[in-house]
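Each chain, written out:
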Amino acid sequence: MREGATRRGFLMRGLAGVGTLALAGCHSVSQQPWADPLLRSAEALTKRVQRLFAGDHALAQEFTKADIAPVFRANGTLDPGTAEYRAQAQSNFANWRVTVGGLVEHPLSLSMAQLRKMPSRTQITRHDCVEGWSCIGEWTGVQMSHILALAGPKQNARYVVFYCADPMTDTNGDGINDSDFYYESLDMVEATHPQTLLAYDLNGQPLDIAHGAPVRVRAERQLGYKQPKYVKAVALVESLDKIGGGKGGYWEDQGYNWWGGI
Ligand SMILES: Nc1nc2c(c(=O)[nH]1)N[C@H]1C(S)=C(S)[C@@H](COP(=O)(O)O)O[C@H]1N2
Ligand SMILES: [Mo]
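Keep in mind the model is a prediction, meaning the values are calculated, not measured.

A.B. asks: Give me the lowdown on the sheet that holds strand 2 (residues 97-102), citing residues and values where you can.
C.D. replies: Taken in spatial order, the five strands line up as 3-2-11-6-7 in an open sheet, and their pairing is mixed. Each edge of the open sheet carries a strand with a single partner, namely strand 3 (108-111) and strand 7 (179-187). Going across the sheet, the axis of each strand differs from the next one's by a mean of 20°, ignoring polarity. Judged from the six bridges that link them, strand 6 (residues 159-169) and strand 11 (residues 231-237) form a sheet pairing that is antiparallel. Note on strand 11: the bridge partner recorded for Val161 is Ala235.

So this is what it looks like as structure tokens:
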């Protein structure tokens, strides 16, 4: 049996006890097998075991419209708040670009209109946050594999790094975050997984600001912090050492595991 399925079984049994607390599709969970530090230690082993049993491209569970949470909970940054982002939002992200660069043959600069014209995938999936809640929503976007195929990864590309528009640190104490932008990374297997999207719609509507407008990543076999919102730039790299704090993501630099497989 695949490890993910076992963990999910455990999670669902845990949820049975929560019962009426939970809205349809959105749950507060008391037992979080995926958050347990004992289960999450030895992350390289976890990754190997998950891929061995689940296969490189096994799909995360997909749900039905009836399972969708009436309100999808938002978490982390709810508004990047910078002058630049405000201006973008005011023009309905008409000038937003997602650049794709680094170790690629053909660097790209994609507008939202261009992204929306590409082949799309829609999937109803469950988002699991390590803080102890889950939510089911319907996501639509372009498969990362499609974008990577357009860009043409070079042979030595090993990771895909996503740079976001929200600064996480207030350096001068004025109450406004001004530096230390959120970022995340996936390896090539996870980045080219069929359910890994640059997503622009949630439940059939353009993403709102709280959920990452105008575009965010969905990597459905990964925990919430591996789903960067407000994506501006994508870079293919050989090593994560020189990026941010060197651990592959904003939360990883604060001590979270880089492998966030569920
Ligand atoms: N840019 C950015 N992406 C982010 C975060 C963030 O603070 N900034 N928080 C992460 C975490 S911890 C979670 S659980 C999800 C929440 O996504 P949601 O707000 O759509 O529920 O976004 C992830 N991606
Ligand atoms: Mo999270």
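A.B. asks: Would you mind going over the packing of aromatic side chains in detail, with residue names and values included?
C.D. replies: Inspection of every chain in the model, using the stated rule, returns eleven aromatic pairs. Taken together, a centroid distance of 5.3 Å and an interplanar angle of 85° make the contact between Phe72 and Trp139 edge-to-face. In this pair, Phe72 is assigned in the loop between helix 3 (43-54) and helix 4 (83-90) and Trp139 in strand 5 (residues 133-143), connecting sequence segments 67 residues apart.

A.B. asks: How would you summarise the site of ligand 1 if you had to cite specific residues and measurements?
C.D. replies: Inspection of the region around ligand 1 gives 21 residues, with Arg73, Asn75, Thr77, Asp166 and Lys229 positioned closest. Between Lys229 and ligand 1, the recorded distance is 2.6 Å, taken from a side-chain N or O atom to an oxygen atom. Protein chains bury 99% of the 530 Å² of accessible surface belonging to ligand 1 in isolation. Considering only residue class, the shell around ligand 1 consists of ten nonpolar, seven polar and four charged.

A.B. asks: Would you mind going over the nonpolar core in detail, with residue names and values included?
C.D. replies: Taken as a class, soluble globular proteins show a tendency for nonpolar side chains to be buried jointly. Ranked by size, the top nonpolar core spans 44 residues in total, and within it Leu115, Ile147, Val160, Phe162, Leu198, Val234 and Leu236 carry the most contacts. For this core, the leading source of residues is strand 8 (residues 196-202), giving five residues. Excluding its chain neighbours within four sequence positions, the residues that come into contact with Leu115 are Val98, Leu110, Val142, Ile147, Leu198, Tyr200 and Val215. Residues Tyr159, Tyr183, Val237 and Trp259 belong to the second largest nonpolar core, which totals nine residues.

A.B. asks: I'd love a proper account of helix 6 (residues 144-151), names of residues and values included.
C.D. replies: For helix 6, the set of buried residues is Met144, Ile147, Leu148 and Ala151. Down the axis of helix 6, the buried set is contained in an arc of 100°. They therefore lie on one face.

A.B. asks: Please give an account of the environment of Glu131 that cites residues and values.
C.D. replies: Within the secondary structure layout, Glu131 lies in the loop between strand 4 (121-129) and strand 5. Linking Glu131 and Tyr225, residues 94 residues apart in sequence, is a C-alpha distance of 10.0 Å. Looking at Glu131, its side chain comes within polar contact range of the side chain of Asn75, at 3.3 Å.

A.B. asks: How would you sum up the pattern of salt bridges? Please name residues and give values.
C.D. replies: Within this structure, the stated rule accounts for twelve salt bridges. In this structure, Arg126 and Asp128 form a salt bridge, with 2.7 Å as the shortest nitrogen-oxygen distance. Residue Arg126 shares its accessibility class with Asp128, and that shared class is buried. Residue Glu252 is joined to Lys226 by a salt bridge in which the shortest nitrogen-to-oxygen separation is 3.0 Å. With Glu252 in helix 8 (residues 250-253) and Lys226 in the loop between strand 10 (216-219) and strand 11, this residue pair connects regions lying 26 residues apart in the sequence. Each member of the pair, Glu252 as well as Lys226, is classed as buried.

A.B. asks: For the environment of Thr169, give the residues involved together with the corresponding values.
C.D. replies: When you line up the elements, Thr169 lands in strand 6. With eleven residues separating them along the chain, Thr169 and Asp180 place their C-alpha atoms 5.7 Å apart. Ignoring anything within four residues of it in the chain, the contact list for Thr169 reads Asn177, Asp178, Ser179 and Asp180. Within the structure, the side chain of Thr169 is placed 2.7 Å from the side chain of Asp180, a separation counted as a polar contact.

A.B. asks: Tell me about the state of the cysteines, residues and numbers included.
C.D. replies: A covalent bond bridging the sulfur atoms of two cysteines is what the word disulfide describes. Going through the model one piece at a time under the given rule, you end up with one disulfide. Disulfide partner of Cys26: Cys135, at an S-S distance of 1.9 Å. Looking along the S-S bond of the Cys26-Cys135 disulfide, the torsion reads about -60°, which is the left-handed sense. Taken together, the residues Cys26 in strand 1 (residues 26-28) and Cys135 in strand 5 connect sequence positions 109 residues apart. Taken as a pair, Cys26 and Cys135 share a single burial class, namely buried.

Rules used throughout
- Residues numbered from 1 in each chain as written.
- Chains lettered and ligands numbered in written order.
- Predicted model: local features only at pLDDT ≥ 70, side-chain atom pairs only at ≥ 80, totals over all residues.
- Heavy atoms only, no water.
- Pairing = 2+ DSSP bridges.
- Helix = DSSP H or I, 4+ residues; strand = E, 2+ residues; numbered from the N terminus.
- Axes fitted to C-alpha atoms, helices over the stretch in contact; angles between N-to-C directions.
- Phe/Tyr/Trp six-rings, centres within 6.5 Å; stacked < 30°, edge-to-face > 60°.
- Near = heavy atom within 4 Å.
- Polar contact = N/O pair within 3.5 Å; in protein donor to acceptor, adjacent residues only side chain to side chain.
- Areas by Shrake-Rupley, 256 points an atom, 1.4 Å probe, with all protein chains shown as cover.
- Nonpolar A, V, L, I, M, F, W, Y, C, P; charged D, E, K, R; others polar.
- Core = buried A, V, L, I, M, F, W, Y, C linked by side-chain atoms within 4.5 Å.
- Buried < 20%, exposed > 50% of the residue type's maximum accessible area, 1.4 Å probe, protein only.
- Contact = heavy atoms within 4.5 Å.
- Arc of directions from axis to C-beta.
- Salt bridge = Lys/Arg side-chain N within 4 Å of Asp/Glu carboxyl O.
- Disulfide = S-S within 2.5 Å.

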